[in-house]
Amino acid sequence: DTAVSQTPKYLVTQMGNDKSIKCEQNLGHDTMYWYKQDSKKFLKIMFSYNNKELIINETVPNRFSPKSPDKAHLNLHINSLELGDSAVYFCASSQPTGGYGYTFGSGTRLTVV
Amino acid sequence: GQNIDQPTEMTATEGAIVQINCTYQTSGFNGLFWYQQHAGEAPTFLSYNVLDGLEEKGRFSSFLSRSKGYSYLLLKELQMKDSASYLCAADQTGANNLFFGTGTRLTVIP
């Protein structure tokens, strides 16, 4: 059983398109996250959700919108894709308090052409 | 501000010992994580240090000094499969997310 699963694994799309990446966790965790890993391998937090409530939102363009239908899902929708959005996007989940670490999904490699 | 520094790349020989250092500056600090990430894969949890000192877990050990804002990951008896990126991440007070360093790419050579 996959603990954190995200789809698709690869996504190639043209500039200006709108796309979504889905994420589901079966760990019963309370918090889910989206991270972006750029070409320099720097993992940067984008969003996190705790019990369907957005609790952080870093300086991410509003073209990016997280959607959480329930505690087990956190999807990422991106409007008007730009070349600079090309990166690997990781979903993760954790319990809200520290020490338990994050469990990451396998990543979605987004390429905007 | 917040900042995490770790070397960009390291190379070590199979069977040897390697130490990957990490220094951090955060506005609030709960603990320090280390993650391993193989190319094209997700980061996986290695260790979490809250208190000062060394924690050993098989071939991997992690050390923390809160007063110095310093941690290291020690890998013993290196194997070829240990070639990966090692990410240092600070668990920040009240932030409810991990702040990652850029990672250290370790290459193990025969």
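Owing to the predicted nature of the structure, the values given are computational and were not obtained by experimental measurement.

Caption draft 1: Region of the structure containing the interface of chain B and chain A. Counting residues at the interface gives 20 residues for chain B and 23 residues for chain A. Between chain B and chain A, the buried area comes to about 1500 Å², and carbon and sulfur atoms account for 56% of it. Counting across the chain B and chain A interface gives 0 salt bridges. At the junction of chain B and chain A, the tally comes to 4 residue pairs in polar contact (both at pLDDT 80 or more). Elements with a minimum of two residues in the side of chain B that touches chain A: strand 4 (31-37), strand 5 (44-49), strand 9 (84-91) and strand 10 (98-100) of chain B. Here the side of chain B that touches chain A is composed, by residue class, of 11 nonpolar, 6 polar and 3 charged.

Caption draft 2: Spotlight on the state of the cysteines. All names here are of chain B. One pass over the structure, following the stated rule, counts 2 disulfides over all chains. Between Cys 22 and Cys 88 runs a disulfide, and the two sulfur atoms are separated by 1.9 Å. In this structure, the disulfide formed by Cys 22 and Cys 88 twists by about -65° around the S-S bond and is classed as left-handed. Placement of the pair is Cys 22 in strand 3 (residues 18-25) and Cys 88 in strand 9, with a sequence separation of 66 residues. Residue Cys 22 shares its accessibility class with Cys 88, and that shared class is buried.

Caption draft 3: Seen up close, the side chain of Asp 85 of chain A. Residues and elements named next belong to chain A. Of note, Asp 85 is situated in the loop between strand 8 (73-78) and strand 9 (87-94). When its relative accessible area of 4% is taken as the criterion, Asp 85 is described as buried. Here Arg 63 takes part through its side chain, which lies 2.8 Å from a polar atom of the side chain of Asp 85. Apart from residues lying up to four places away in sequence, Asp 85 is in contact with Lys 36, Arg 63, Phe 64, Ile 78, Leu 110 and Val 112.

Thresholds applied
- Residues numbered from 1 in each chain as written.
- Chains lettered and ligands numbered in written order.
- Predicted model: local features only at pLDDT ≥ 70, side-chain atom pairs only at ≥ 80, totals over all residues.
- Heavy atoms only, no water.
- Contact = heavy atoms within 4.5 Å.
- Buried area = accessible area lost by both parts, 1.4 Å probe.
- Salt bridge = Lys/Arg side-chain N within 4 Å of Asp/Glu carboxyl O.
- Polar contact = N/O pair within 3.5 Å; in protein donor to acceptor, adjacent residues only side chain to side chain.
- Helix = DSSP H or I, 4+ residues; strand = E, 2+ residues; numbered from the N terminus.
- Nonpolar A, V, L, I, M, F, W, Y, C, P; charged D, E, K, R; others polar.
- Disulfide = S-S within 2.5 Å.
- Buried < 20%, exposed > 50% of the residue type's maximum accessible area, 1.4 Å probe, protein only.

From the geometry alone we can't say anything about function, so treat these as descriptive.
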